[in-house]
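Structural features, examined
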Amino acid sequence: TNAVATGIDRFGDYELLEKIGEGGMGVVYKARQVTADRLVALKLIRPDQLSQFLPAEREQVIARFRNEVQAAAKLDHDHVVTVYDVGEVEGQSYYAMRFVRGQSLKEMLADGPLAPQVAARYIEQVARALSAAHALGILHRDLKPHNVMVDSETDRALLADFGLAKLIEGDQQLTATEAVMGSPPYMSPEQTLDAGKVTAASDIYGLCATLYHLLTGRPPFQAANTVNT
């Protein structure tokens, strides 16, 4: 009886209100945490995607998800989306983070490039969050406009989705199997070769590629498909 597969409106301590996004492996709901009586963004691994993997590969995906949680939960910064709760319900891993009322930078780009001063201000805030992550030994590895939220109440940029995060001193075996992971239009050249061997420099590359997109209205590299990009 899992929430994603059956469409039920309750998942453990959470009431699911609406789906607000999904990526390659995760689905995110706007939800209410019942015991704390607060709105959260609830992220779960998509079971339909997990079913495509062999058992050993499935364990790696779950381990990567837990790695994301471990990384995000360590960060307490004004420009990082706060993680409230981590757990598992009936075998399904999840974590709950602050629900941000606002838009992603990707959504803001729908109307064209941002004013240079606005773009610079948001990127400075993300750079400070990234610096704090690096100081804790955490790499993001997926910097792009989609993963930066702008709070509509405070107009602050918030770095989110450490889905590919790696603790620099953590388990090297996990990342060794990841090969090419990330988002090609914003990905450093070394990350296209082996995502497990990237350094903080790759995050800085992604940050600059994001700034490029904010100023020009398109990513620095973009082709008809992933291979060509």
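Going by the structure above, here's the rest.
Residues numbered from 1 in each chain as written. Predicted model: local features only at pLDDT ≥ 70, side-chain atom pairs only at ≥ 80, totals over all residues. Heavy atoms only, no water.

1. Looking at helix α5 (residues 116-135)
Between the first and last C-alpha of α5 there are 28 Å, a value that for 20 residues agrees with the 28 Å anticipated at 1.5 Å per step. Those residues of α5 that fall on the buried side of the exposure criterion are Ala119, Tyr122, Ile123, Gln125, Val126, Ala129, Leu130, Ala133 and His134. Those residues of α5 hidden inside the fold are in contact with α4 (105-108), β8 (138-139), β9 (148-151), β10 (157-159) and α8 (200-216). Trailing α5 by a residue or two, Gly137 shows a phi angle of about 80°, which is positive. (Helix = DSSP H or I, 4+ residues; strand = E, 2+ residues; numbered from the N terminus. Expected span 1.5 Å × (residues − 1). Buried < 20%, exposed > 50% of the residue type's maximum accessible area, 1.4 Å probe, protein only. Contact = heavy atoms within 4.5 Å.)

2. A closer look at the nonpolar core
Within the largest apolar cluster, 38 residues are counted, with the highest numbers of intra-cluster contacts made by Leu105, Leu114, Val126, Ile138, Leu159, Phe162 and Leu214. For this core, the secondary structure elements donating two or more residues are β4 (38-45), α3 (55-74), β6 (92-98), α5, β9, β10 and α8. At seven residues, α5 tops the list of elements feeding residues into this core. Apart from residues lying up to four places away in sequence, Leu159 is in contact with His79, Val80, Val81, Val126, Ala129, Leu130, His140, Leu143, Asn147 and Val148. (Core = buried A, V, L, I, M, F, W, Y, C linked by side-chain atoms within 4.5 Å.)

3. A short note on the environment of Val80
Structurally, Val80 can be placed in the loop between α3 and β5 (83-89). Here Val80 falls in the buried class, since its relative accessible area comes to 3%. Residue contacts for Val80: discarding those within four places in its chain leaves Leu75, Ala129, Leu158, Leu159 and Phe162.

4. Here we look at the pattern of salt bridges
Oppositely charged side chains can pair when the atoms bearing their charge come close. This structure, assessed with the given rule, holds seven salt bridges. Of the charged contacts in the structure, one is a salt bridge between Glu15 and Arg32, with a shortest N-O distance of 3.3 Å. Of this pair, Glu15 sits in strand β2 (residues 14-22) while Arg32 sits in strand β3 (residues 26-33), placing them 17 residues apart in sequence. Given the relative accessible area of 27%, Glu15 is considered partly exposed. For Arg32, a relative accessible area of 24% corresponds to the partly exposed category. For Asp151, the salt bridge goes to Arg98, with nearest N and O atoms at 2.2 Å. In this pair, Asp151 is assigned in strand β9 and Arg98 in strand β6, connecting sequence segments 53 residues apart. (Salt bridge = Lys/Arg side-chain N within 4 Å of Asp/Glu carboxyl O.)

5. Things to note about empty space enclosed by the protein
One pass over the structure, following the stated rule, counts two cavities of 30 Å³ or more. Considered as a void within the structure, the largest cavity measures approximately 70 Å³ in volume. If you go around the largest cavity, you meet 12 residues; those closest to its centre are Arg141, Asp142, Leu143, Tyr186 and Gln191. Ranked by residues supplied to the lining of the largest cavity, first place goes to α8 with three residues. Estimates place the volume of the second largest cavity at around 50 Å³. (1 Å grid on protein atoms, 1.4 Å probe; cavity = no way out; pocket = protein on both sides within 12 Å on 5 of 7 lines; lining within 4 Å. Points joined across faces, edges and corners; volume = space filled by probe spheres on them.)

6. What about the packing of aromatic side chains?
Scanning all chains against the criterion turns up two aromatic pairs. Aromatic pair Phe11 and Tyr94: ring centres 5.6 Å apart, planes at 90°, arrangement edge-to-face. Residue Phe11 is located in strand β1 (residues 10-11), and its partner Tyr94 is located in strand β6; the two are separated by 83 residues in the primary sequence. A single burial state applies to Phe11 and to Tyr94, both of which are buried. Residue Tyr94 is classed as buried on the basis of its relative accessible area of 8%. (Phe/Tyr/Trp six-rings, centres within 6.5 Å; stacked < 30°, edge-to-face > 60°.)

7. Notes on the sheet that holds β4
One open sheet holds the six strands; their spatial order is β1-β2-β3-β4-β6-β5, and the pairing between them is antiparallel. Looking along the sheet, the strands with just one partner apiece sit at the ends: β1 and β5. When β2 meets β3, the two strands line up antiparallel, connected through seven bridges. Each residue of the ladder has a partner; that of Glu18, found in β3, is Lys30. Contacting β4, β5 and β6, α3 runs over the sheet at an angle of about 25° to β6. (Pairing = 2+ DSSP bridges. Axes fitted to C-alpha atoms, helices over the stretch in contact; angles between N-to-C directions.)

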